[in-house]
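Now for the letters of each chain:
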Amino acid sequence: MKKYLLLALTSVFFAFTPPVENYKVDLNRSKIEWTGKKVTGQHTGEIKLASGELKVEKQKLTSGVFELDMNSITTTDLTGTSATKLLGHLKSDDFFSTEGNPTSKFVITKVEHQQSDKAQITGDLTIKGITNTLTFPASIKQKNGVLVAIANGVKVDRTKYNIKYGSKNFMSGLGDKAIDDDFELNINIVAKK
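This is a predicted model, so every value here is computed, not measured. (Residues numbered from 1 in each chain as written. Predicted model: local features only at pLDDT ≥ 70, side-chain atom pairs only at ≥ 80, totals over all residues. Heavy atoms only, no water.)

**Quick notes on unusual backbone geometry**
Inference 1: Of note, the phi angle at K128 is positive, near 55°, even though the residue is not glycine.
Inference 2: Structurally, K128 can be placed in the loop between β6 (118-127) and β7 (130-143).
Inference 3: Not every positive phi belongs to a glycine, and N162 is a case in point at roughly 60°.
Inference 4: Structurally, N162 is set in the loop between β8 (146-157) and β9 (179-192).
Inference 5: Residue N162 is classed as partly exposed on the basis of its relative accessible area, which comes to 45%. (Helix = DSSP H or I, 4+ residues; strand = E, 2+ residues; numbered from the N terminus. Buried < 20%, exposed > 50% of the residue type's maximum accessible area, 1.4 Å probe, protein only.)

**A short note on the nonpolar core**
Inference 1: Grouped together as the largest cluster of nonpolar side chains are 41 residues, with contacts concentrated most on L54, F96 and I121.
Inference 2: Apart from the residues within four sequence positions on either side, L54 is in contact with E21, N22, Y23, L61, S63, G64, F66, I108, L147, I189 and A191. (Core = buried A, V, L, I, M, F, W, Y, C linked by side-chain atoms within 4.5 Å. Contact = heavy atoms within 4.5 Å.)

**Regarding the packing of aromatic side chains**
Inference 1: By the definition in use, this model includes 3 aromatic pairs.
Inference 2: Aromatic side chains F106 and F136 sit 5.8 Å apart centroid to centroid with 40° between the ring planes, which places their arrangement in the tilted category. Of this pair, F106 sits in strand β5 (residues 103-115) while F136 sits in strand β7, and the two are 30 residues apart along the sequence. F136 shares its class with F106; the two are buried. (Phe/Tyr/Trp six-rings, centres within 6.5 Å; stacked < 30°, edge-to-face > 60°.)

**Overview of helix α2 (residues 80-91)**
Inference 1: For α2, spanning 12 residues, the distance from its first C-alpha to its last is 17 Å, which sits close to the expected 16 Å at 1.5 Å a residue.
Inference 2: Looking at the packing, one finds that the buried side of α2 touches β2 (31-38), β3 (41-57) and β4 (60-75). (Expected span 1.5 Å × (residues − 1).)

**Concerning the pattern of salt bridges**
Inference 1: Across all of its chains, the model carries 7 salt bridges by this definition.
Inference 2: In this structure, the salt-bridge partner of K193 is E21, at a minimum N-O distance of 3.0 Å. Placement of K193 in the segment after β9 and of E21 in strand β1 (residues 20-25) is noted, with a sequence separation of 172 residues between them.
Inference 3: In this structure, K155 engages E184 in a salt bridge whose closest nitrogen and oxygen atoms are separated by 2.8 Å. Remark: E184 occurs in strand β9 and K155 occurs in strand β8; sequence separation between them is 29 residues.
Inference 4: Relative accessible area serves as the criterion here: at 47%, K155 is assigned to the partly exposed category.
Inference 5: The network of salt bridges with shared partners includes K31, E33 and E46. (Salt bridge = Lys/Arg side-chain N within 4 Å of Asp/Glu carboxyl O.)

**As for the environment of G153**
Inference 1: Assignment of secondary structure puts G153 in strand β8.
Inference 2: According to the relative accessible area criterion, G153 is partly exposed, its value standing at 32%.
Inference 3: Spatially, the C-alpha atoms of G153 and E184 are 5.4 Å apart, while their sequence positions differ by 31 residues.

**Looking at the side chain of S97**
Inference 1: Mapped onto the secondary structure, S97 falls in the loop between α2 and β5.
Inference 2: Residue classification places S97 among the buried residues on the basis of a relative accessible area of 8%.
Inference 3: Residues in contact with S97, not counting those within four places in the same chain, are L90, K91, S92 and K128.

**A closer look at the environment of G64**
Inference 1: Relative to the assigned elements, G64 resides in strand β4.
Inference 2: Leave out the neighbours within four places in its chain, and G64 touches E53, L54, F106, V107 and I108.

Below is the structure:
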């Protein structure tokens, strides 16, 4: 009798527990743009996602994980030799060390929904094997089994990931060769059930 009662209670519990829906990131439609600034200007580019998945419960984003392909980094403001030189430097040990660290990762640990389509996202960003917490506002919309999450101007302090090249906080006498410690990301994620 106890066995049947336990089974019945378990069934009732799961009947009222909302299902968690998995959304797979559409790698072709999702886009991440980066901007790195320095005293004399800035550089821009893109980086591709290697994989990604979001979890939704009661029509609200609850968690997710993304991997970025660090070797896919491109520049959109330079061409030819200048672009090749910059990308080689970004992939070197001065910056992202992509040979030993081909991917970076972001794991969403908390989502605070403020309005129906606005949320504060908190997660763990891992670059070069170093993990730090990052929080930023995002716009999240769902329709017909498609979820779109957009966050612009997300600031990442590169020095927290041991990327100190050109930082006036760690190197002296840089003058107009100094590079800002923060780089910015514009994130546009498209995911489908």
